[in-house]
Amino acid sequence: MDCRLDGQVALVTGASSGIGTGVARGLAAAGAAVIVNYHSGREPAEALVAEIEGQGGRAVAVQADVSDPDAVAALFARGAEAMGAIDIVVANSGIQKDAPATELTVEDWRKVIDTNLTGQFLCAQAGIRQFLKQRDRKLSRALGKIIHMSSVHEVIPWAGHVNYAASKGGIALMMRTLAQEMAGQRIRINAIAPGAIATRINAENVAGEAGKRLLELIPYGRVGDVEDIANAAVWLASDMSDYVVGTTITVDGGMCLYPGFRDNG
Ligand code: BGC
C-alpha cells in the first residue's frame, strides 16, 4: 500500500494561495483530481488548474466564499458535477485580522470566525452529505476523508490574535466531534496543525529580524514549506492512514514543545 490517490477526487478550499495551493499540488501529484476552490484569486486558481492539467492531471477551479452556506452548496454541486464525485475534502481556507483585544472590532472578530470556523464546518457538512450519496464507491477503505486545516494556535495562545486563536481552538473540538459522529459511516475526519510556514499570510513574520525571533520558537531550526503540509495531507487522505480517526497531526518543527523552557523554567 502507498500514498496514491488515483481515481479519487479532492476538493481543496482556499487553494489559490499558500498552503492550499501546496496541498492541491500534492494531492494531484498523488493521482487525485482536484477541485480548486478560490475566493478572490481567480488567476492563480486557473493557473494551478492549467499546471495540474499540464502534468496530465484533472482539475477545475470553482469560486466560493466558504462562509456563505449557499455558496458552499453550489461549490460542492459544481465540483461533484465536474468530477463525478468527491472523496476528499481539505477545509483549508483561513484568514487573519489581527488587533489587540481592546481594539478588535466585532466585524473582524466575525469575519475570522465566519471563514475559519463556520466555513470549515459548512465544508465538512457538505462533504459528509456528498460522501453519504456515494455509498457504492470502492476507491478507498473509507467512504470519504475530511482534513481540517488548523494551526499550532489551536493549543498555543496568541496575544493580539484572539479571533484567529479562538477559531483554531474551535476547529480542534469541532473536528473531533465530527470524527466521533461520522466514524461509524466510515468517514475519517482529521486535522493538520501547521506551525510557521513560508506563505503570504505570515510573510512579515518569516523575514529579517522578525524571522530570526521566529526561529527561536522553532526547535528544528527552519520555517516550514507548504510541501511539509502537503505531505501530511496526502498521507491523511490515503489508505496509509486508514486507522487514523479524529487526530490532529502537528507539523511545526517542534513549535509546540515550549522551546522557551529549553534553558529556563
Ligand atoms: C499563522 C502564522 C504563524 C504561525 C505560527 C499560523 O497559524 O497563520 O501567521 O506564523 O501560525 O505562529
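Quantities reported herein were computed from a predicted structural model and do not represent experimental measurements.

### Considering the overall build of the protein
Broken down by element type, the protein carries eight helices and seven strands. Computed over the C-alpha atoms, the radius of gyration of the protein is 18 Å, within 12% of the 18 Å expected from 2.2 N^0.38 for a compact globule of 265 residues. Taken along the three principal axes of its C-alpha coordinates, the protein extends 55 × 40 × 40 Å. Put simply, of all contacts in the protein between residues at least 6 apart along the chain, 75% involve residues at least 24 apart. Just so you have it, the protein exposes about 12,700 Å², and 52% of that area is on carbon and sulfur atoms. Distance from the positive charge centre (24 side chains) to the negative charge centre (29 side chains) of the protein: 5 Å.

### Details of the UniProt feature "domain: Ketoreductase" (unreviewed entry) in the protein
The positions that UniProt labels "domain: Ketoreductase" (unreviewed entry) are, in the present scheme, residues 8-200. A helix fraction of 46% and a strand fraction of 17% characterise residues 8-200, whose end C-alpha atoms lie 29 Å from each other.

### Comments concerning empty space enclosed by the protein
Vacant regions in the atomic arrangement are exposed by a probe of water-molecule size rolled over the atoms. Across all of its chains, the model carries one cavity of 30 Å³ or more by this definition. Here the largest cavity is characterised by a volume of approximately 30 Å³. Along its surface, the largest cavity is lined by Q8, D87, R137, L139, S140, A142 and L143. Partitioned by chemical class, the residues of the lining of the largest cavity number three nonpolar, two polar and two charged.

### Section: the pattern of salt bridges
Considering all chains together, one arrives at 10 salt bridges under this definition. Between E46 and R42 there is a salt bridge whose closest N-O contact spans 3.2 Å. Of the two residues, E46 and R42 are both situated in helix α2 (residues 42-54); the distance of four residues between them amounts to about one turn of the helix. Given a relative accessible area of 40%, E46 falls into the partly exposed group. For the salt bridge of R141 with D242, the shortest nitrogen-to-oxygen distance reads 3.5 Å. Here R141 is found in the loop between α4 (106-132) and β5 (144-149), whereas its partner D242 is found in the loop between α8 (226-237) and β7 (248-251), with 101 residues between them in sequence.

### Digging into the site of the ligand
Residues in contact with the ligand, as listed here, are Q96, S151, H153, W158, Y164, G195, A196, I201, N202, N205 and M255. One of the side-chain N or O atoms of Q96 is found 2.7 Å from an oxygen atom in the ligand. Within the side chain of S151, a nitrogen or oxygen atom sits 2.6 Å from an oxygen atom of the ligand. Contact with the protein chains hides 93% of the accessible area of the ligand, taken as 310 Å² for the molecule alone. Among the residues making up the shell around the ligand, the classes are represented as five nonpolar, six polar and no charged.

### Observations regarding the packing of aromatic side chains
On inspection of all chains with the given rule, the structure shows two aromatic pairs. With 5.8 Å between their ring centres and 70 degrees between their planes, W158 and Y164 make a pair best called edge-to-face. Pairing Y258 with F261 gives two aromatic rings, centres 6.2 Å apart and planes at 85 degrees, and the pair type is edge-to-face. Of the two residues examined, Y258 and F261, each falls in the exposed class.

### Considerations on the environment of I229
Inspection of the secondary structure puts I229 in helix α8. In this view, I229 contacts I19, V23, M149, I192, P194, I197 and V251; residues no more than four positions away in its chain are not counted.

### Considerations on the nonpolar core
Of all hydrophobic cores here, the largest spans 35 residues; its most connected members are V23, L27 and I192. Counting residues per element, the ones that place at least two in this core are β1 (9-12), α1 (18-29), β2 (33-38), α2, β3 (59-63), β4 (88-91), β5 and α8. The dominant element in this core, judged by the number of residues it contributes, is α8, at seven residues. Membership of the second largest hydrophobic core comes to 34 residues, among which are L11, A64, M83 and I189.

### Focus on the pairing of strand β6 (residues 187-194)
With eight of eight residues buried, β6 lies mostly within the body of the structure. Note: β5 against β6, six bridges, orientation parallel. Following the sheet pairing, I146 is matched in β6 by I189. Both β6 and β7 contribute to a ladder of four bridges, which runs parallel. The partner of P194 across the bridge, within β7, is V251.

### Considering the packing of α1 against α8
Direction vectors running N to C along α1 and α8 enclose 50 degrees, while the axes themselves pass 8 Å from each other. Between α1 and α8, the angle falls in the class oblique. In this structure, the crossing between α1 and α8 has a hand that is right-handed. Counted together, G18, I19, G22, V23, G26 and L27 of α1 and V226, I229, A230, A233, V234 and A237 of α8 form the full contact between these two elements. Among the residues forming the contact of α1 with α8, the class breakdown is nine nonpolar, three polar and no charged.

What counts, and where the lines are drawn
- Residue positions within a chain follow its written sequence, with the count starting from 1.
- Totals for whole chains, interfaces and linings use all residues, but because this is a predicted model, local features are given only for residues with pLDDT of at least 70 and pairs of side-chain atoms are given and counted only at 80 or more.
- Each side-chain value is derived from all of the structure's non-hydrogen atoms; neither hydrogens nor water enter the calculation.
- A run of H or I in DSSP becomes a helix once it reaches four residues, and a run of E becomes a strand once it reaches two; helices and strands are each numbered from the N terminus.
- We take the radius of gyration over the C-alpha atoms and set the globule estimate at 2.2 Å times the residue count to the 0.38 power.
- Only heavy atoms enter the contact rule, under which two residues are in contact if any of them lie within 4.5 Å.
- Surface accessibility follows the Shrake-Rupley procedure with a 1.4 Å probe radius. Residue values consider only the protein chains on display as shielding.
- In this tally Asp and Glu are treated as negative and Lys and Arg as positive; neither His nor the chain ends contributes.
- Note on charges: their place is set at NZ of Lys, CZ of Arg, CG of Asp or CD of Glu.
- UniProt positions are given in the numbering used here, feature names are shortened, and annotations may be inferred rather than shown by experiment.
- Lining residues are those with an atom within 4 Å of a point, where the points come from a 1 Å grid over the protein atoms alone and group into cavities, where a 1.4 Å probe fits but cannot get out, or pockets, open sets with protein on both sides within 12 Å along at least five of seven lines.
- Grid points are joined across faces, edges and corners, and a volume is the space filled by probe spheres set on the points.
- Ten residues, namely Ala, Val, Leu, Ile, Met, Phe, Trp, Tyr, Cys and Pro, are considered nonpolar, four, namely Asp, Glu, Lys and Arg, are considered charged, and the remaining ones, Gly among them, are considered polar.
- Salt bridges are counted wherever a side-chain nitrogen of Lys or Arg sits within 4 Å of a carboxyl oxygen of Asp or Glu.
- Residue exposure (1.4 Å probe, protein chains only): buried if accessible area is under 20% of the type maximum, exposed if over 50%, otherwise partly exposed.
- Nearness here has a simple test: a residue counts as near a molecule or strand if at least one of its heavy atoms is within 4 Å of that partner.
- Distance and chemistry together define a polar contact, namely a pair of N or O atoms within 3.5 Å, with one atom able to donate a hydrogen and the other to accept it when in protein, and with adjacent residues in sequence counting only for side-chain atoms on both sides.
- Centre distance within 6.5 Å is the pairing criterion for rings of Phe, Tyr and Trp, where only the six-membered ring of Trp is used; planes under 30 degrees apart are then read as stacked, over 60 as edge-to-face, and the remainder as tilted.
- To form a nonpolar core, buried Ala, Val, Leu, Ile, Met, Phe, Trp, Tyr and Cys residues must be joined to one another through side-chain atoms within 4.5 Å.
- Note on pairing: two strands pair once DSSP finds at least 2 bridges between them.
- A fitted line through C-alpha atoms serves as each axis, taken over the contacting stretch for helices, and the angle formed by two N-to-C directions is quoted from 0 to 180°.
- Under this scheme an angle from 65 to 115 degrees is roughly perpendicular, one under 35 degrees roughly parallel, and one over 145 degrees roughly antiparallel; angles in between are oblique.
- Should the near helix be turned counterclockwise from the far one by less than a right angle, the crossing is left-handed, whereas a clockwise turn marks it as right-handed.

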